[in-house]
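# Observations on the three-dimensional arrangement
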Amino acid sequence: MLIDAVIDTLVDGVKLLPFLFLTYLVMEYIEHKAGSKAERFVKKSGRLGPVVGSILGVVPQCGFSAAAANFYAGRIITLGTLISIFLSTSDEMLPILISEKVSPVLIFQILGMKIVIGMIAGFVIDLILHCKGKEESEMRIEHMCDHEHCHCDEQNIFKSALVHTLQIFAFIVVISFALNILIAIVGEDKLGSFMTSVPALGILLSGLIGLIPNCAASVVITQLYLEGLLTMGSMMAGLLVGSGIGLLVLFRVNEDMKENLKITTMLYVIGIACGFLIDLIL
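In short, a report on the structure. Just so you know, these numbers come straight off a predicted model, no measurement behind them. (Residues numbered from 1 in each chain as written. Predicted model: local features only at pLDDT ≥ 70, side-chain atom pairs only at ≥ 80, totals over all residues. Heavy atoms only, no water.)

Leu-82 and Ile-83 are the most contacted members of the largest nonpolar core, which has 46 residues in total. Looking at this core, the elements with two or more residues in it are helix 3 (64-73), helix 4 (79-88), helix 5 (93-99), helix 6 (104-132), helix 10 (215-226), helix 11 (232-241), helix 12 (246-253) and helix 13 (257-281). Element by element, the count of residues in this core is highest for helix 6, at eight residues. Those residues in contact with Leu-82, other than ones at most four positions away along the chain, are Ala-68, Ala-69, Tyr-72, Ile-77, Leu-250 and Ile-263. Judged by nonpolar contacts, the second largest core, of five residues, contains Ile-203, Ala-237, Val-241 and Tyr-268. (Core = buried A, V, L, I, M, F, W, Y, C linked by side-chain atoms within 4.5 Å. Buried < 20%, exposed > 50% of the residue type's maximum accessible area, 1.4 Å probe, protein only. Helix = DSSP H or I, 4+ residues; strand = E, 2+ residues; numbered from the N terminus. Contact = heavy atoms within 4.5 Å.)

Following this line, the structure appears as structure tokens:
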């Protein structure tokens, strides 16, 4: 059983390598050519921040959620814009879905839901704060791109894409191996029926996994969904809550720890609430 799990994991992983590399190569090109322009655009967007933030946030860019955390710590963007970016951030979900040859229709549906949810949540939050008359103070802010210490700006796009590809390939191999062992021991039918028969548990656990400030979280959640062990609502709950290293950077640069905890709780509540709603509708 162990040997079969190893062979299946390696074979499936190697098949993904070219798709992962091409996907990251395109994303690195976009980031290096348009990343700074996108960030300036978000800063100048004002009350339309949730719209701009949710659209730009859905494209995986190294450090974009980290930059948003810095912008908010400097009160350059609103809380609604920050939340919209965190909710729409897709992190490693998109390259995995593409490399697994998931239907483009399904991919656009998932991205579309993240964008719409991010927009709505951002506008509602900003509206509530505006009605309460809360003003934001200004402070100095330092831009960061510190995702996994990859130093993307110091490398050419081919090297950066290769680094990201190997990092995610390692995550996928480890997680896929664990899943294969788990499925072999428990039984695919039993495990799948348990996860789908208790959707509330799947949504709550997926949301907690999404809070992990690491790309491994989105890898785990996406892989579980592709294995049929998570419902659409459970997957969306985790991916909505997941904001890459955004939360980690927020706790580092924003001095108000109580506010940081409130933002974290807000993300979790929005994520699981949308997860329950999606499963109810679908």
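This part takes up the side chain of Ser-206. If you trace the backbone, Ser-206 turns up in helix 9 (residues 199-210). Assessed through its relative accessible area of 3%, Ser-206 is described here as buried. Separated by 2.6 Å, the side chain of Ser-206 and the backbone oxygen of Ser-234 make a polar contact. When sequence neighbours within four positions are dropped, the list of residues in contact with Ser-206 reads Ile-221, Leu-230, Ser-234, Met-235, Ala-237 and Gly-238. (Polar contact = N/O pair within 3.5 Å; in protein donor to acceptor, adjacent residues only side chain to side chain.)

Attention shifts here to the packing of helix 2 (residues 49-57) against helix 4. Relative placement of two packed helices is described by the angle separating their axes and the distance separating the axes. One way to put it is that helix 2 packs onto helix 4 with a least axis distance of 8 Å and a crossing angle of 20°. When the interaxial angle is binned, helix 2 and helix 4 end up roughly parallel. Helix-helix and strand crossings are classified by hand; for helix 2 and helix 4 the assignment is right-handed. Across from Gly-49, Pro-50, Gly-53, Ser-54 and Gly-57 in helix 2, the residues of helix 4 making contact are Gly-80, Thr-81, Ser-84, Ile-85 and Ser-88. Its residues assigned to classes, the contact of helix 2 with helix 4 comprises two nonpolar, eight polar and no charged. (Axes fitted to C-alpha atoms, helices over the stretch in contact; angles between N-to-C directions. Parallel < 35°, antiparallel > 145°, perpendicular 65-115°, else oblique. Left-handed = near helix turned anticlockwise from the far one by under 90°. Nonpolar A, V, L, I, M, F, W, Y, C, P; charged D, E, K, R; others polar.)

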